[in-house]
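# A look at the structure
For reference, the chains in residue letters:
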Amino acid sequence: MSRTHRKSAAALAYDAPEADGAPRVVAKGYGLVAEMIVQRAREAGLYVHEAPEMVSLLMRVDLDTKIPPQLYQAVAELLAWLHRLEAENDAKAKAAAQARNGNPAASAAGGAPRDIHDVRGIREIGGAGGGRPALPFKPSTST
């Protein structure tokens, strides 16, 4: 199988803003390694977002290295999307809890999140808490 048609995956970790606060590439690979990255991310309840162009760029970044400034805007847009999903999921969970506690009007406030057909839960992967969730990216194919 040619390299342009192998599955590929990359995972980012974004910790609390520190010196420059840039996300780091914490995993990447092709073929079986890519499948394992995605599988472990899903098992950990992380969002899995398919973005072939993004993963192609992330595959060029060394492991455990912060993303370059050229990728800041693209990753920032993805993080903003993730924050919106988290807020919607939090609102939905709060409304469900209020409905269980006898406030049925609150349940109407928490609508289903949009555009999450490729999203699977959210939690930090392993280790100590306090940081942002890792973001695995998995396209169907890589160019």
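Look up: the structure comes first, before these words.
Residues numbered from 1 in each chain as written. Predicted model: local features only at pLDDT ≥ 70, side-chain atom pairs only at ≥ 80, totals over all residues. Heavy atoms only, no water.

## What about the nonpolar core?
Quick reminder of the rule: Residues grouped as a nonpolar core are buried Ala, Val, Leu, Ile, Met, Phe, Trp, Tyr and Cys residues, joined through side-chain atoms within 4.5 Å. Only protein chains enter the accessibility calculation, which uses a 1.4 Å probe; a residue is then buried when its area is under 20% of its type maximum, exposed when over 50%, and partly exposed in between. Strands are runs of DSSP state E lasting at least two residues, helices are runs of H or I lasting at least four, and both sets are numbered from the N terminus onward. Whether two residues are in contact is decided by their heavy atoms, any of which lying within 4.5 Å being enough.
Membership of the largest hydrophobic core comes to 20 residues, with the highest contact counts inside it found for Leu12, Val25, Leu58, Ile67, Leu71 and Val75. Listing elements by their share of this core, those giving two or more residues are strand E1 (8–13), helix H2 (52–58) and helix H3 (72–100). Per element, the largest residue contribution to this core is six residues, and it comes from H3. Look past the residues within four positions of valine 25 in its chain and what remains in contact with it is Ala11, Leu12, Leu58, Val61, Asp62, Leu63, Asp64, Thr65 and Ile67. Ranked by size, the runner-up nonpolar core spans ten residues in total, among them Ala9, Ala27, Ala34 and Val38.

## Focus: unusual backbone geometry
Positioned with a positive phi, aspartate 64 is a non-glycine residue whose angle comes to about 55°. Examined against the element boundaries, aspartate 64 turns out to sit in the loop between H2 and strand E3 (65–66).

## Quick word on the environment of leucine 82
Positionally, leucine 82 belongs in helix H3. Under the relative-accessibility criterion, leucine 82 is labelled buried at 2%.

## Here's the deal with the environment of isoleucine 67
Assignment of secondary structure puts isoleucine 67 in the loop between E3 and H3. By relative accessible area, which is 3% here, isoleucine 67 ends up buried. It is 6.3 Å that separates the C-alpha atoms of isoleucine 67 and alanine 22, two residues lying 45 residues apart in sequence. Excluding anything up to four places from it in sequence, isoleucine 67 contacts Leu12, Ala22, Pro23, Val25, Leu58, Tyr72 and Val75.

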